[in-house]
Amino acid sequence: MILGPLEEELTKARAAYRNRGRWGEDDVLGTLNLIDDAIRAHAASLVRRGRSFSLAQEFDESGPRRGDRALLPSRAFTRWDGPGPVYANEQAWQARPRTAVTGDGDSVTGVGRIRDAFTGRGVLLDVGRVVGDARGELPDGFAITEEHLRDTVEAQGATSSVRRGDIVLVRTGQLGRVRRLGAWGGYAGGDAPGLSFTALGWLHRTEMAAVATDTWGLEVRPSEFAEPATDPLHRIAIPEMGLPLGGMWDLEALAQDCAADGVHEFLLVAAPLPVTGAVGAPVSPIAVK
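The model shown is predicted, which means the values in this text are computed figures rather than measured ones.

## Here's the deal with the sheet that holds strand β2 (residues 79–81)
Alright, step 1. With mixed pairing, 9 strands are arranged side by side in an open sheet as β1-β11-β9-β3-β5-β7-β8-β2-β10. Whereas interior strands pair on both sides, the edge strands pair on one side only; in this sheet they are β1 (52–54) and β10 (280–282). Put simply, the sheet's adjacent strands are angled 25° from each other on average, direction ignored.
Alright, step 2. Sitting on the sheet, helix α2 (residues 37–45) is in contact with β3 (119–125) and β9 (265–269), with an inclination near 60° to β3.

What follows is the structure, encoded as structure tokens:
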């Protein structure tokens, strides 16, 4: 899929999917506002068997960023990206200027200030298993469109329907593949399956609270644009929609269990580490079924 000129598509997406001001001018939660107490209470009622799954990758020198452990790079662990790290026309979430994030971090929308909100109904969309090959894996460069997401919901059944305030987890199978092959290769920053820029409409329309994948960067790599484009989906989802994005989530064991029992919804507790001023932070998510 080759999309039109980058700036033209970004301009149209900003106008179509903007949430700025929706929850007040001083809002720091973005789409996490969509998770209310009733949704959290319902999520707790989804626990039937008491089976829990850690969705965090191990953080050590044998991972995707070998040798980087002492430096604690933000792209070497399972994480959430909050409203601060990506800009649209030099503006972050709520039209805050780029200069608002200084060497001391983001004191207003840093992930430490929104950590309480990441608990609710989790939904696994195992696109790799529904759309991918016999191993349940998508090839690098595969763009997951709205049609693929909707087909996955239909194939998985009612428990995977995406509702207002859900935290949606999209499995591509890439993490399982690199583990199976025993080599990380370009997992950190290289070509990868991921969400298509065209899926932004679905992300916005479903009113999900957050979305995460098992890849390093969430969106498809290389870009779908004919011209060079760095993280175009991020440039709309974070500063315009206020949608937290997660990367490097380990969804393999959870996916196997969901395929076995046919239940793709669960209680998800996924608070990021409250690093003061951090625009992104490690998370050790737990899904309970």
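Continuing now.
## Some thoughts on the pairing of strand β5 (residues 167–170)
Alright, step 1. Residues Ile167 and Leu169 of β5 are buried on one face, and the alternating residues Val168 and Val170, pointing to the opposite face, are buried as well.
Alright, step 2. Pairing of β3 with β5 involves 4 bridges; the strand directions are parallel. Within β5, the residue paired with Gly122 across the bridge is Ile167.
Alright, step 3. Pairing geometry for β5 and strand β7 (residues 210–213), over 4 bridges, is parallel. Residue pairing for β7: Leu169 is matched across the bridge by Ala212.

## Describing the side chain of Glu219
Alright, step 1. Among the secondary structure elements, Glu219 is positioned in the loop between β7 and α7 (234–237).
Alright, step 2. The buried charged residue Glu219 lacks any salt bridge, with Arg221 as its nearest oppositely charged partner at 6.3 Å.
Alright, step 3. Of note is the side chain of Glu219, whose polar atom sits 2.5 Å from the side chain of His234.

Reading the values: the criteria
Residues numbered from 1 in each chain as written. Predicted model: local features only at pLDDT ≥ 70, side-chain atom pairs only at ≥ 80, totals over all residues. Heavy atoms only, no water. Pairing = 2+ DSSP bridges. Helix = DSSP H or I, 4+ residues; strand = E, 2+ residues; numbered from the N terminus. Axes fitted to C-alpha atoms, helices over the stretch in contact; angles between N-to-C directions. Contact = heavy atoms within 4.5 Å. Buried < 20%, exposed > 50% of the residue type's maximum accessible area, 1.4 Å probe, protein only. Lys, Arg positive; Asp, Glu negative; His and termini not counted. Salt bridge = Lys/Arg side-chain N within 4 Å of Asp/Glu carboxyl O. Polar contact = N/O pair within 3.5 Å; in protein donor to acceptor, adjacent residues only side chain to side chain.

Purely geometric numbers; function is a separate question.
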